[in-house]
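Structure at a glance
Listed here are the chains, written in short residue letters.
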Amino acid sequence: MYRLTVKGIVQGVGFRPFVYRLARAMGLKGYVKNTGDGTVEILIDGDVEEFVERLKREKPPIAVVESVRVEEVKGEPPEGFVIEKSGGSRKELSLPPPDVATCNACLKELFDPKDRRYLYPFISCTDCGPRFSIAFRLPYDRENTTLVEFPFCDDCGKEYWNVDDRRYYAQSIACKRCGPDYELVLGNRIIKGLDGIIKAAKLIDSGEIVAVKGLGGYHIACVTDDEVVWKLRKILNRPQQPFALMARNIEAVKKVAKVNKEEEREMLSYIRPIAVLKKKSSSSFFAVAPKLDTIGIMLPYAPVHYVLFRFLKADFIVLTSANMPGEPMFIDDGVFSLPVDAVLRHNLKIANRVDDSVIKFVGNRRMIIRRSRGFVPKTFSLEVGLNAIALGAELYNSIAMLKDGKVVLSQY
Ligand SMILES: [Zn+2]
Ligand SMILES: [Zn+2]
């Protein structure tokens, strides 16, 4: 028998179900489990070389396998192959996975009127959904995320426990019956669920300014018309700083900005950052990015964005972080003090504030202007033989921790 210790981004990315299916396909006995230090432990009793080879080659799209340590061990393997409860002691640096944009399989269900998650803004699966933003403790298991407040209904439970289901062991799943939901606060009125999102889309189209709670914090949304954007600038006390846009799809982006192959690939990646692109006409989106020939655009990444665009007429909306200059993004941790026309909020707590990431290509090189959603809390290696902490500058900072040869950068 062999015990394998897999290091990398292997928790919360569908790695255990993948290992389970692989082991069963190869007819192996043993188990797989998450450990408390962020690694995955696997016990198998067969061809270890072929197993490791396929493990690396066929892994889930967002998993990163940094290393696999193989030890030979004595004893009897369990009957069949099982996923064991997480356990182990906490020794090494361990991190939850980053948040992942809605995958294509979930999008298909989101817009399928026959699906039980039709237009449900918290659709997710093993391959996509919130991760870092909902994890308040490790290991990354449902009981350690803010979704613990929403116990599964029978239907979700069936998916979660069915090894052949694409939501098998997906910690972030929920549905209309058991999961969180949105509501729109409009003056003294509260409009629940999908009706609230539809109303929010109507308000935005008609030039109102609406706060929208997302994965990692609140955004402010409005159309890109100059007079509406000037109104927003007054509210946020930001006379000049360019705002980011969210576009309906990549085709819409290409109509207003130059997008090369690499930029397109980044914009469509699971990170879905804001890409700073060259405007096709420097006078377009004047109030959004005054006197600039570039514009920051991102594509929808959370189900609520897709549902909003389904009901929006506009192909572009301003979507900027809801905070006063110098303050962090708002996440329900106080009174929402910005004078907006309506607030589209949901009842899932945000464990970690995560702003949108910003990238820009200089020549062929990708520069990360703001490293946040999708990038955090990924690590990189730096072998210098010391542990250290760096706290950055006074403004616009992120902190860095170096421990056991690994650097963890915080979100912006
Ligand atoms: Zn998905
Ligand atoms: Zn459910």
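In this text, all values refer to a predicted model and were calculated from it rather than measured experimentally. (Residues numbered from 1 in each chain as written. Chains lettered and ligands numbered in written order. Predicted model: local features only at pLDDT ≥ 70, side-chain atom pairs only at ≥ 80, totals over all residues. Heavy atoms only, no water.)

Observations regarding the coordination of the zinc ion (ligand 1)
- Protein coordination at the zinc ion (ligand 1) comes from Cys-103 (SG), Cys-106 (SG), Cys-125 (SG) and Cys-128 (SG), with a distance range of 2.3 Å.
- Positions of the donor residues of the zinc ion (ligand 1) along the chain correspond to the pattern C-x2-C-x18-C-x2-C. One end of the pair, Cys-103, is in the loop between strand 5 (81-83) and helix 3 (104-110); the other, Cys-125, is in the loop between helix 3 and helix 4 (154-161), with 22 residues separating them in the sequence.
- Cys-103 gets classed as buried once you look at its relative accessible area, which sits at 17%.
- For Cys-125, a relative accessible area of 1% corresponds to the buried category. (Donors = N, O, S within 2.8 Å, 3.2 Å for Na, K, Ca; no water. Helix = DSSP H or I, 4+ residues; strand = E, 2+ residues; numbered from the N terminus. Buried < 20%, exposed > 50% of the residue type's maximum accessible area, 1.4 Å probe, protein only.)

Considerations on the packing of aromatic side chains
- All told, the structure shown has twelve aromatic pairs when counted by the stated rule.
- Ring centres of Tyr-160 and Tyr-169 lie 5.3 Å apart, and the angle between their planes is 25°; this geometry places the pair in the stacked category. An identical accessibility class is assigned to Tyr-160 and Tyr-169; each is buried.
- When the centroid spacing of 5.4 Å and the interplanar angle of 70° are considered together, the rings of Phe-285 and Phe-316 count as edge-to-face. Note that Phe-285 is positioned in the loop between strand 12 (274-279) and strand 13 (294-298) and Phe-316 in strand 14 (residues 316-321), a separation of 31 residues in sequence.
- Among the residues examined, Phe-316 registers a relative accessible area of 11% and is labelled buried.
- For the cation-ring pair, Arg-373 lies above Tyr-301, with the distance from its terminal atom to the ring centre recorded as 3.4 Å. (Phe/Tyr/Trp six-rings, centres within 6.5 Å; stacked < 30°, edge-to-face > 60°. Lys NZ or Arg CZ within 6 Å of the ring centre and 35° of its normal.)

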